[in-house]
Each structure stands twice: as C-alpha cells, then as structure tokens.
Amino acid sequence: MAEPEPPLSCDCFVSLPPGSQGDHVIFGKNSDCPRDEVQEVLYYPATSHPSGTMLECTYIQIPQAEHTHAVVLSRPPWLWGAEMGANDKGVWTSRVNKDRPTAQTLLWDLGLERADSAWGAVSVITGLLEQHGQGGPCREDPAPFSYHNSFLLVDRNEAWVLETAGKLWVAQKVTEGVKNISNALTIGTDISAEHTELRSVAQAQGWWSGEGEFCFNEVFKSENPPARMELAKKRHSGGTQLLQQHDGSVMAEVMMSILRDKPSGICMDSGGFRTTGSMVSILPRDPSLPCIHFLTATPDPSRSVFKPFIFSESVTPVSRVISPQYGPDDPVRKQPRFQSLVDRRHDLYKAHEGALQTMETNPDAGNALTETLRMLEGQCLTDISALLSGETPAEEELGDLFFDCVDTELKFYQ
C-alpha cells in the first residue's frame, strides 16, 4: 500500500502561561512555499514619514502611516510584505493560507509596522482588509494561484487568531494554554470579534439560516474542498498533539523541535513545496526583559540553525541574508508579471544549499556538520537563557547578535 501523502500547509503555534515553562509567551511558525523559493530576513528601523506619502506594495498603493515601528521580517524577496515577523513593541505576527481565489493583495506586515499590541494588529489588518480586500498571485509564477489568509497575532499578554473570507473576518482571543493553526478554518462558535456584516452576508448568501449558533468554520467551509485541504486538517491535528504533549513545559527548544518534526508533516518537503523558513519567538511577560526572535533564513529547520535577533538601538545590518535587488528589471515589476526568473539566493542560502548537498551525499560529513550547527544553536540558547535570567549585555552586543550568528554559521559551511 502506498504511503499517504503528507499534509501541505504552513503551521503556526503559540503557548501562553501556564502552557509555557516560565512566564513567557512562546511563538513559532514554519513557512511552507514552493521548494526553490528563497526567504530573506530584513530589518527596518522605526521611521517617521511625511504626511501624504504613498506606500508602494506588490500590487497596490496605500497611504503610508506617519510613524512605523521597527520590524524584523522573514519573507520571499519577490513580494512586499512577509510570511512572519515581529516589531519592537513585542508584537509577533504570521499568516497561513486557505485555498480560495482572491483578487487583490493583503498586506500582513502593516500590522507590525503600525500596531503596539496583538489586538492593535488585528484592527490594522481588518481595517485594511475591509478597505482594499486581499489576494493577488501568491507565488512567483504566471500560473494563477491565490488564497485568503489566516493570521496568528501575539504579544506579551495574549494571542489572536484572525481568519478571513474576502473582506469578511472573524477573530478569537487566546489568553492561556496552547494553540495552533494550519491551512484550514479553525474558529467555530467561540468568536471574540467579527466583521459587522459577517452574519448578514452569510444569511443573504444562503449559507446560514439565521437560527441557532453561528459556527464560522461550518458556514464558510468549501463545498468541495481539494484533497490538500483535508490533509491540512490532519496536519493541524498532528501539531495540536505535539503541543499538548508539552503543555506546561513549552520553551523555545520545544517549539524548535515541533517545527523540525517530519512524521507529522510540520517540517515538510513534498509535492514541490517545502519549509522554506522558520521562526521562534520568546515574549517574556516581564516588560523589562527583551523579546527574542530566532530566524533560520534557510529552508528545512531540521537542518538549519535558529539564530537570535533582539531589537536594540544599534542593530547591525546583515547583508548576507538579504537577496539581490533587480530594481525596475525585476520580473515582478514588469507587465505582464513573472515572465522570467532571477536568482534571488542570498549568501547564507547558497552556503546552506551546499551544506545540504554534503549532508545528502556524504552522511558522515553531514552528521558532523549537523552536530556542529546544533552546538552553535545550543550556545545561542544558553546565552539567551542567561539574558532572560537577568544578565545585561552591552547594547552593541545585542545589536550584533544576529549578525555574529550568521557570520559564524557561514564559516562552518566553508
């Protein structure tokens, strides 16, 4: 009998006390995209913008906010926006995809630039959603493929699940324990906030009678969901089981192990898609402690290093995880779009690509390299643990942290 096809989807996880070990909120995501798609890691400082400035996004223009927070983003370099990221106010956001066609683009990282809480990010995103809609091609390919989005938005105190359908939306507040989402609707009757016309539209379309409880994921489910959507439910179930196994003891290392889990399909490589970038964050409830964000900037977290980033007044730019820029000649900027491909690999991606080949062709050398990379990651986690226990390194050390880890990883690949 043939092995069942593994579920394909992005996965997001959060653990809030008492689900976490210690008084920390722990957040994690695997971003699953076309297997050759690169993810770069970008830092943007807090900025003030002249009144009336317009913001050029992938498919539309919108008015720029007068002030934007500092953000760190993991994103495919061909698009404006991000798969996941955080801001300097202790807000973390990510999104997953639902397989429904759309017509415009939704700009998920604007929630980070403009909000100082998870609920604030929900408000920013839903306001833009109601005004502009969402969608546009979701991969660097002329073949049509688009979807509506779900989000997991987290701060030091709470999390919000936001699920959308067109310009409509519904949100669920999470204040304790563990929660995960995948490529399927998860919000049922436990609704904390919603679009003002959500139920009236559902009733007018004949999706809901107007009587009895309103169950969002039942009312808005696809009549004939594709097989991958049913597989996403299995993946969500697998992620839930992994979280529940560690309920009460979740910390960064546990979240990393969940993102690296292959049997569940959480760490995936199948059907032309794979996990192309991963992120884990520690958001301490104590506001005097910094938030720490670990990013891989490389595919397959089981063979990547989670490297810590901390916001500071002196963040060192890391050009070696930034993809080449092609300006007006970029195929995403030309009309019609996506008629050719360019090399978007950054330096770390290229070095990691060579390391993956070594792991596959020379198991002994690959195992030795993997052990070395785990030692690097382990040292980073030890240093972060000391920081969260009260050690106060110099400001420039915090700003250099991600740069130093990327530089060390590159040296191991040489």
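This is a predicted model, so every value here is computed, not measured. (Residues numbered from 1 in each chain as written. Predicted model: local features only at pLDDT ≥ 70, side-chain atom pairs only at ≥ 80, totals over all residues. Heavy atoms only, no water.)

## Details of the confidence of the model for the protein chain
The condition that has to hold: Looking at any residue, its pLDDT shows the predictor's confidence there, from 0 to 100. Contact between two residues is taken to exist if any of their heavy atoms lie within 4.5 Å; hydrogens are not considered.
The share of residues in the protein chain with pLDDT of 70 or more is 92%, and the mean pLDDT across the chain is 89. Across residues 1-7, confidence stays below pLDDT 50; counting only partners more than four residues off in sequence or on other chains, it has nine contacts.

## A short note on helix α2 (residues 118-132)
Convention followed: To qualify as a helix, a DSSP run of H or I must reach at least 4 residues; to qualify as a strand, a run of E must reach at least 2; elements of each kind are numbered from the N terminus. To estimate how far a helix should reach, multiply one less than its number of residues by 1.5 Å.
The terminal C-alpha atoms of α2 lie 21 Å apart, and with 15 residues this matches the ideal 21 Å at 1.5 Å per residue to within 8%. Of the residues flanking the end of α2, it is G133, one or two places downstream, whose phi is positive at about 75°.

## Description of the side chain of S281
Inclusion rule: In protein, a polar contact requires one atom able to donate a hydrogen and another able to accept it; more generally it is a pair of N or O atoms within 3.5 Å, and residues adjacent in sequence count only if both atoms are side-chain atoms.
Considering the arrangement of structural elements, one finds S281 in strand β17 (residues 273-284). There is a polar contact of 2.7 Å between the side chain of S281 and the side chain of H293. Not counting the four nearest positions on each side in its chain, S281 is found in contact with V25, I26, F27, W92, I292 and H293.

## Some thoughts on unusual backbone geometry
Cis geometry is found at the peptide bond from P17 to P18, where omega equals 10°. One can find P18 in the loop between β1 (11-16) and β2 (24-34). Going from Q335 to P336, the amide bond is cis rather than trans, its omega being -5°. Structurally, the position occupied by P336 is in the loop between β19 (307-309) and α7 (347-361). Positive phi outside glycine occurs at D300, with the angle close to 60°.

## Some details on the nonpolar core
Quick reminder of the rule: As used in this record, nonpolar core signifies buried Ala, Val, Leu, Ile, Met, Phe, Trp, Tyr and Cys residues forming a set joined through side-chain atoms within 4.5 Å. The rule is simple: take the accessible area with a 1.4 Å probe, protein chains only, and divide by the maximum for that residue type; under 20% is buried, over 50% is exposed, in between is partly exposed.
Judged by nonpolar contacts, the single largest core of 54 residues is most densely connected at V154, F214, F216 and F220. For this core, the leading source of residues is helix α9 (residues 395-413), giving five residues. Ranked by size, the runner-up nonpolar core spans 26 residues in total, among them L110, L112, A115 and L129.

## Things to note about the packing of helix α8 (residues 363-388) against α9
Using the following cut-off: An axis is simply a line fitted to the C-alpha atoms; with a helix, the fit covers only the stretch in contact. Between two such axes, the angle follows the N-to-C directions and lies from 0 to 180 degrees. With respect to orientation, any angle under 35 degrees is reported as roughly parallel, any angle over 145 as roughly antiparallel, any angle of 65 to 115 as roughly perpendicular, and every other angle as oblique. Each crossing gets its handedness from the near helix: less than a right angle anticlockwise from the far helix is left-handed, clockwise is right-handed. Note on residue classes: Ala, Val, Leu, Ile, Met, Phe, Trp, Tyr, Cys and Pro are nonpolar, Asp, Glu, Lys and Arg are charged, and everything else, Gly too, is polar.
One way to put it is that α8 packs onto α9 with a least axis distance of 10 Å and a crossing angle of 165°. As the angle between them shows, α8 and α9 are arranged roughly antiparallel. You can see that α8 and α9 cross each other, and the crossing is right-handed. Together, L369, T372, L373, L376, C380, I384 and L387 of α8 and L398, L401, C405, T408, E409, F412 and Y413 of α9 make up the contact between the two elements. Tallied by class, the residues present in the contact of α8 with α9 amount to 11 nonpolar, two polar and one charged.

## Regarding the pairing of strand β9 (residues 84-87)
We count it as follows: By definition, two strands form a pair when at least two bridges between them are found by DSSP.
Burial along β9 is two-sided: the residues M84 and A86 and G85 and N87 are all buried. Alignment of strand β8 (residues 71-75) against β9, held across four bridges, turns out to be antiparallel. Looking across to β9, one finds that V71 is bridged to N87.

## Structural notes on the state of the cysteines
Rules: Here, a disulfide means two cysteine sulfur atoms that sit within 2.5 Å of each other.
Per the stated rule, a full pass over the model turns up zero disulfides. In this structure C12 is not part of a disulfide, and its nearest cysteine sulfur, from C10, lies 6.9 Å away.

## Focus: the pairing of strand β12 (residues 159-165)
Taken across its seven residues, β12 has seven buried, putting it largely inside the fold. With burial as the criterion, each face of β12 is covered, one bearing A159, V161, E163 and A165 and the other bearing W160, L162 and T164. Sheet topology note: the strand β11 (residues 148-154)/β12 ladder contains five bridges and is antiparallel. Note on β12: the bridge partner recorded for V154 is A159. Connecting β11 to the antiparallel partner β12 that follows it, the hairpin turn spans four residues. Direction of pairing for β12 relative to strand β13 (residues 168-174): antiparallel, over a ladder of seven bridges. Residue pairing in the sheet places W160 in a bridge with K173 of β13.

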